[in-house]
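# Report on the structure
As a plain string of letters, each chain reads:
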Amino acid sequence: MVSVATWNINSVRLRMPIVERFLKDAAPDVLCLQEIKCQEHQFPYEAFRALGYDHIAVHGQKGYHGVATVSRVPIREFSRHDWQDNGEARHVGVELPEHDGMIVENVYVPAGGDEPNREINAKFGQKLDFLERMTRWADAVDRPTLIVGDFNIAPLESDVWNHKQLLKVVSHTPIEVESLQRFMDAHGWSDIGREHIKAPERYYSWWSYRAKDWKANDRGRRLDHMWASPELARQATGHSVHEYARDWEKPSDHVPLVTEFSI
């Protein structure tokens, strides 16, 4: 058995207290973090090692973005892709040599700005191009692979608090949903979250800081995902959304997801 978690932490150094709380509470074998917002030499390695997470792969950047994968089981860095094509730290892949060579890809897809039009918003075009490069990569994947992270897209109607109101809002526009579907089709990925929490059941992983009472308003979106290769997906035994973490002191605006595999 191996369990893998993903969490956009929105600054790992600032939120190390709640990361520690989550690791003690949920105890995943592997934790993939996005938006760590630090360079590699600034990452809190010792804090993770004190918790038993001795195996660490970090792709960092000063002040922005950045991803890290920490593990209680042996991992080795497998890949770093520049799907943004501009040097930003948005991906790191690791191999789990003691778990049938399983690959865990940790990715932070660009948010895409506010206007869903690449002609007037370069960030939106960069997001679509990022997804296109990911899709070309996925077409050649030939290992049991789990890709996790903040995809910054909520594809289904039940992945957002109001489908009609968000159709023209970046993260839920038809062009983004179509781009994500092409990525899924390129490898036949299985959306683990929706395999275990069937649509149209409500499923969110992000709530804006702007809401005074996130729980009462519940204007969430499912921006975070865990997708598996077909053969690996068949070994998934459980999936959970840790919404309670949104209520912790100085929380991230995202919450952790965890999937267990019988490997």
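My aim in this report is to walk through the structure given alongside it, one point at a time. Keep in mind the model is a prediction, meaning the values are calculated, not measured. (Residues numbered from 1 in each chain as written. Predicted model: local features only at pLDDT ≥ 70, side-chain atom pairs only at ≥ 80, totals over all residues. Heavy atoms only, no water.)

### Focus: the sheet that holds strand 7 (residues 102-108)
Quick note on the threshold: Pairs of strands are assigned from DSSP output, requiring at least two bridges between the strands. A helix here means a DSSP run of H or I that spans at least four residues, while a strand means a run of E at least two residues long, and both kinds are numbered starting from the N terminus. Every residue pair with non-hydrogen atoms within 4.5 Å of one another is taken to be in contact. Comment: axis = line fitted to C-alpha atoms, over the contacting stretch for helices; angle = value between 0 and 180 degrees taken between N-to-C directions.
Across the sheet, which stays open at both edges, the 6 strands sit in the order 5-6-7-8-12-9 with mixed pairing between neighbours. If you trace the sheet from one side to the other, it starts and ends with strand 5 (76-79) and strand 9 (190-191), each paired once. Relative to strand 12 (residues 224-228), strand 9 runs antiparallel, the two sharing 2 bridges. Directly across from Asp191, in strand 12, lies its bridge partner Trp227. Against the sheet, helix 3 (residues 122-138) makes contact with strand 7 and strand 8 (145-150), and its axis sits at roughly 170° relative to strand 7, the strand it touches most.

### Some words on the pattern of salt bridges
Convention followed: The term salt bridge refers to a side-chain nitrogen of Lys or Arg lying within 4 Å of a carboxyl oxygen of Asp or Glu. The rule is simple: take the accessible area with a 1.4 Å probe, protein chains only, and divide by the maximum for that residue type; under 20% is buried, over 50% is exposed, in between is partly exposed.
Counted by the stated rule, this structure contains 20 salt bridges. A salt bridge links Arg80 to Glu40; the nearest nitrogen and oxygen atoms lie 3.1 Å apart. Of the two residues, Arg80 sits in the loop between strand 5 and strand 6 (91-96) while Glu40 sits in the loop between strand 2 (30-34) and helix 2 (45-50), which places them 40 residues apart along the sequence. Residue classification places Arg80 among the partly exposed positions, given a relative accessible area of 37%. Judged by its relative accessible area of 30%, Glu40 falls in the partly exposed class. Taking the shortest distance from any N to any O, the salt bridge between Arg143 and Glu95 comes out at 2.6 Å.

### What about the sheet that holds strand 3 (residues 55-59)?
Spatial strand order, 3-4-2-1-14-13: 6 strands in an open sheet with mixed pairing. Pairing within the sheet leaves two strands with one partner each, and these edge strands are strand 3 and strand 13 (236-241). Each adjacent strand pair in this sheet contributes to an overall mean axis angle of 10°, direction not counted.

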